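# Reading the structure
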Amino acid sequence: MGAVGLQTHIWANNTRSTLLLIGFPVMLTVVLFGLELVLMGFGFLPNSGGTLGDDIGLAVAMLAGTIPLAVVAALIWFAIAWFANQALIDVMTGARPVTRAEEPELYNLLENLAISRGLRTPTLRIIESDSLNAFASGIREGHYSVSVTRGLMAALDRDEMEAVLAHELTHVINKDVRTMVIASIFAGIISVICQLVFRGLFYVRGGKDNKNAGPLILIGFAIAAVGYVFAIVIRLMLSRTREYVADAGAVELTKNPDSMISALRKVSGRSKLEAPDDVQGMFLDNERAGFTDALFATHPSIDKRIAALIRFGGGRDPGPWDGIEAPAYASGTAVPQTASTAVPYT
């Protein structure tokens, strides 16, 4: 973590954001070209009446109209993402904004952390879920948000909640949130288009008057598959090191590695929150089970993150949480505690 440096990480995120913006209309054109071939195979678009090469050549000629369409679609979708990204994420996750009057302790924690870094306080949002999770979102100054679940508030004490908020605020400082929002919105629409193309194979009949129907459909679906894989690659190119850096940033802000570690222990195995895969990449934890899920995981495992905090932050690992020992953080309301627990935030 220390060898990379914060400015290098921010520069890398800015580069990724630029590449995503440039790559989106290009990949959208590729996916639409695949869709043209499929529609030609099914008989919904005219064919050349000649060889397979003639049909592909005709589809390439159609790109003269497809490319402007892809650029216009990219610009429209970018405008939607720029102005309505938070509304889309709120619908997908169930997050809602809250005021200082509704959640004074939680709001004050976030505000104090933001002030310590000279930032405008992000909008605080709550998700009414028993899951233990949180995420930051937004793509420009004055429109950032930090969302936490009700379950997380009920499970963490004051210091642990402060560490989680500092983790999410670090994502804002590092520009991770902008990159993740762009990826989730853009990669998400590519995934949707590709899935629609794939499902068309099972619900559409046609193409009997085209002798090249079968090869055209197969080639079209292969190209669409490339687009779908590209959407997965977008997730993977958003380096998992961002979570290590955000954990380190939380320690820098709070000077308390133990609280970040204990918060991660409580979150482990209890973070499942329903949302599209692309949005789950923004979560505090998105731990997956199984070889395939681990291969395409957007986050390092909790154990690896804790090991990094112990090695680089000097923290101590309290071990797995049993759900009983720690006091709850919930609008300043304390719960019975043992002698070993921290004092709840009041």
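To start, this report covers the structure provided alongside it. Note that this is a predicted model, so its numbers are computed, not measured. (Residues numbered from 1 in each chain as written. Predicted model: local features only at pLDDT ≥ 70, side-chain atom pairs only at ≥ 80, totals over all residues. Heavy atoms only, no water.)

## Notes on the overall build of the chain
Looking only at helices and strands, the chain has twelve helices and four strands in total. The buried share among the 346 residues of the chain stands at 50%. Summarising the internal contacts of the chain: among those between residues at least 6 apart in sequence, 73% fall at separations of at least 24. Summed over its atoms, the accessible surface of the chain is roughly 15,700 Å², and 64% of this surface lies on carbon and sulfur atoms. (Helix = DSSP H or I, 4+ residues; strand = E, 2+ residues; numbered from the N terminus. Buried < 20%, exposed > 50% of the residue type's maximum accessible area, 1.4 Å probe, protein only. Contact = heavy atoms within 4.5 Å. Areas by Shrake-Rupley, 256 points an atom, 1.4 Å probe, with all protein chains shown as cover.)

## A short note on the pattern of salt bridges
Applying the stated rule across the entire model yields 16 salt bridges. A salt bridge links R242 to E243, with the nearest nitrogen and oxygen atoms 3.6 Å apart. The pair R242 / E243 is uniform in exposure class, with both members buried. Shared partners join several salt bridges into a network, and the residues in it are R96, E102, E103, E128 and R150. (Salt bridge = Lys/Arg side-chain N within 4 Å of Asp/Glu carboxyl O.)

## Let's talk about the side chain of H167
Inspection of the secondary structure puts H167 in helix α5 (residues 158-173). For H167, the residues in contact, after removing those within four places along its chain, are E243, A246, D247, A250, M260, L284 and R305.

## Describing the pairing of strand β2 (residues 123-127)
Here β2 lies mainly inside the structure; four of its five residues are buried. In terms of strand pairing, strand β1 (residues 95-97) meets β2 through three bridges, oriented antiparallel. Bridge pairing in β2 links R96 to I126. One ladder, built from five bridges, connects β2 with strand β4 (residues 145-149); its direction is parallel. If you follow L124 over to β4, its bridge partner there is V146. (Pairing = 2+ DSSP bridges.)

## A short note on the sheet that holds β4
Strands sit in the order β1-β2-β4-β3 across an open sheet of four strands; the sheet is mixed. The strands lining the two open edges of the sheet, one partner per strand, are β1 and β3 (134-137). Here the strands of the sheet are splayed against their neighbours by 25° on average, with no regard to which way each runs. Packed on one face of the sheet, helix α2 (residues 52-93) meets β1, β2, β3 and β4 and runs near 160° to β3. In the packing of helix α3 (residues 104-116) onto the sheet, the strands contacted are β2 and β4, and the crossing angle to β2 comes to about 135°. (Axes fitted to C-alpha atoms, helices over the stretch in contact; angles between N-to-C directions.)

## Digging into the side chain of Q280
Among the secondary structure elements, Q280 is positioned in helix α10 (residues 277-280). Q280 sits in the buried class, given a relative accessible area of 5%.

## Re unusual backbone geometry
The phi dihedral of K175 falls on the positive side, at around 70°, and the residue is not glycine. Accessibility expressed as a relative area gives 27% for K175, which makes it partly exposed.

## Remarks on helix α12 (residues 302-313)
When the terminal C-alpha atoms of α12 are compared, their 15 Å separation across twelve residues agrees well with the 16 Å that a helix rising 1.5 Å per residue should span. Among the residues of α12, I302, R305, I306, A308 and L309 are the ones counted as buried. In a view along the axis of α12, the buried residues occupy a sector of 155°, so they form one face of it. Relative to its buried face, α12 has exposed residues pointing more than 90 degrees away, namely K304 and R311. Just past α12, the residue G314 takes up positive phi, approximately 70°. (Expected span 1.5 Å × (residues − 1). Arc of directions from axis to C-beta.)

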